Each structure stands twice: as C-alpha cells, then as structure tokens.
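# Understanding the architecture of this molecule
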Amino acid sequence: MKTIYILFISLLSCGILYAQEPADALRYSYITNPGGTARNQAIGGAGASLGGEFSSLFINPAGLGFYKTGDFVFTPAFSMKRPKTSYFGENSNSETNKFNIGTTGLLFSAPSRSKNIRSITVGIGINKSADYNNQIYYKGVNKKSSYSEKYLEELVNDGATDP
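The rules behind these values
Residue positions are given per chain, counted from 1 along the sequence in the order it is written. Given that the model is predicted, a residue must reach a pLDDT of at least 70 before its local features are reported, and side-chain atom pairs must reach 80 or more before they are shown or counted; all residues, however, enter totals for whole chains, interfaces and linings. Note that the side-chain values use all heavy atoms of the structure and ignore hydrogens as well as water. Only runs of H or I of at least four residues qualify as helices and only runs of E of at least two qualify as strands under DSSP, and these elements are numbered from the N terminus. Note on exposure labels: buried denotes an accessible area under 20% of the residue type's maximum, exposed denotes more than 50%, and partly exposed covers the range between, all computed with a 1.4 Å probe on protein chains only. Residues count as neighbours in contact if any of their non-hydrogen atoms are within 4.5 Å of one another. The Shrake-Rupley method, run with a 1.4 Å probe sphere, supplies the accessible areas, and residue values consider only the shown protein chains as cover. Paired strands, as defined in this entry, are two strands with at least two bridges between them according to DSSP. Whenever a helix is involved, its axis is fitted only over the stretch in contact; in every case the axis is a line through C-alpha atoms, and angles between N-to-C directions fall within 0 to 180 degrees. Pairs were defined over the aromatic rings of Phe, Tyr and Trp, the Trp ring being its six-membered one, requiring ring centres within 6.5 Å. Orientation was assigned from the angle between planes: stacked under 30 degrees, edge-to-face over 60, tilted for the rest.

Moving on, we get to the overall build of the protein. Counting its secondary structure elements, the protein contains six helices and five strands. Across the 163 residues of the protein, 21% fall into the buried class. Nonlocal contacts in the protein, meaning residues at least 24 apart in sequence, comprise 51% of its contacts between residues at least 6 apart. A total accessible area of about 13000 Å² is found for the protein, and carbon and sulfur atoms account for 59% of it.

Our next topic: the sheet that holds strand β1 (residues 71-81). A sheet is described by the order of its strands in space; here three strands give the open sequence β1-β4-β5, paired in antiparallel fashion. Lying at the two open borders of the sheet, with one neighbouring strand each, are β1 and β5 (119-126). Direction aside, neighbouring strands of the sheet carry axes that sit 15° apart on average. Of the pairings in the sheet, the one linking β1 to strand β4 (residues 96-111) comprises ten bridges and is antiparallel in character. The residue bridging V73 from the neighbouring strand is G105, located in β4.

Turning to the packing of aromatic side chains, a few remarks are in order. Summed over the entire model, instances satisfying the criterion amount to two aromatic pairs. Taken together, a centroid distance of 6.0 Å and an interplanar angle of 80° make the contact between F54 and F58 edge-to-face. Judged by its relative accessible area of 33%, F58 falls in the partly exposed class.

Written out as structure tokens, the structure reads:
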C-alpha cells in the first residue's frame, strides 16, 4: 500500500517538473574550460568523487578527509582560441593563444588529538570555471542597410505621419 501512495505522489509531482530548453544549452555552453587539476581533467572530472584530490575542495569537501599530509597544487593552463566571424560574406579569423593559471591552492593537514577525529585538513584554493577573456573582431562593407532605416522604422511605429 505504501508503494501505491509513493507512486501516486510521484506522479502528481511530475506536473510541476521542468525540463531543459534550448536557451539552457546556450547558457551552459559559456563554461567551456574543464575545471580542476590536471589529474581531475585527465579522468573526465571524476577525481573529486574519489577523494584525496585537490579538486574536491570545490566539489566535494568531504574528499579532503583522505589527506594525511599537506599539499601544494599549481596547475598551469594553455588557452587556444580561434574565433571565426562572418559579416556580409567577408570572413575574419583571430587567434589568441596564451598561458593561464588553473587550479592553485594549498592544503594543511594534521593528525587530531581527539579520539573521534583522525585528522584535520584545511584548504584554500582558486579555481577558474570560465574564461570570458576573448577578443572577436569582424570587418566588412555594409551595402545593404544603414542605421537610418532602423530610425525610420521606429518613427513609423510611433505613428509619425511625416518622417
């Protein structure tokens, strides 16, 4: 009988659930850099769930309990961006390659004097989750329209009889 009630409540709650929409794909695509240390990136972001990985400081702090000694982490990164633009059929390319600083931080761990707590770990770190430092340019000659057409359209929409 309990399973029938749970099933009934679950079905009723489905009416208020929402799925993703196309705008969500655009919203979440801005975060393009895989975060975390090099080890975390190499195993597809699963390092924070393993424990004993510095990236767990940002995702699952309980994973820091595996540390028995201190740790210093420095993750260099190299960003390669090649945005391509097109304006009235004229293509433009730009290339921005540069070094960045990825996940960096310091962990302090020490054994505890308490019988119930084995060790204490304190960590401080920085993590880059997105990179908005991008330069995009486009060039071309616009022979199809001008801003005065937009101005005229606004005048007509406001009810001007003699623009």
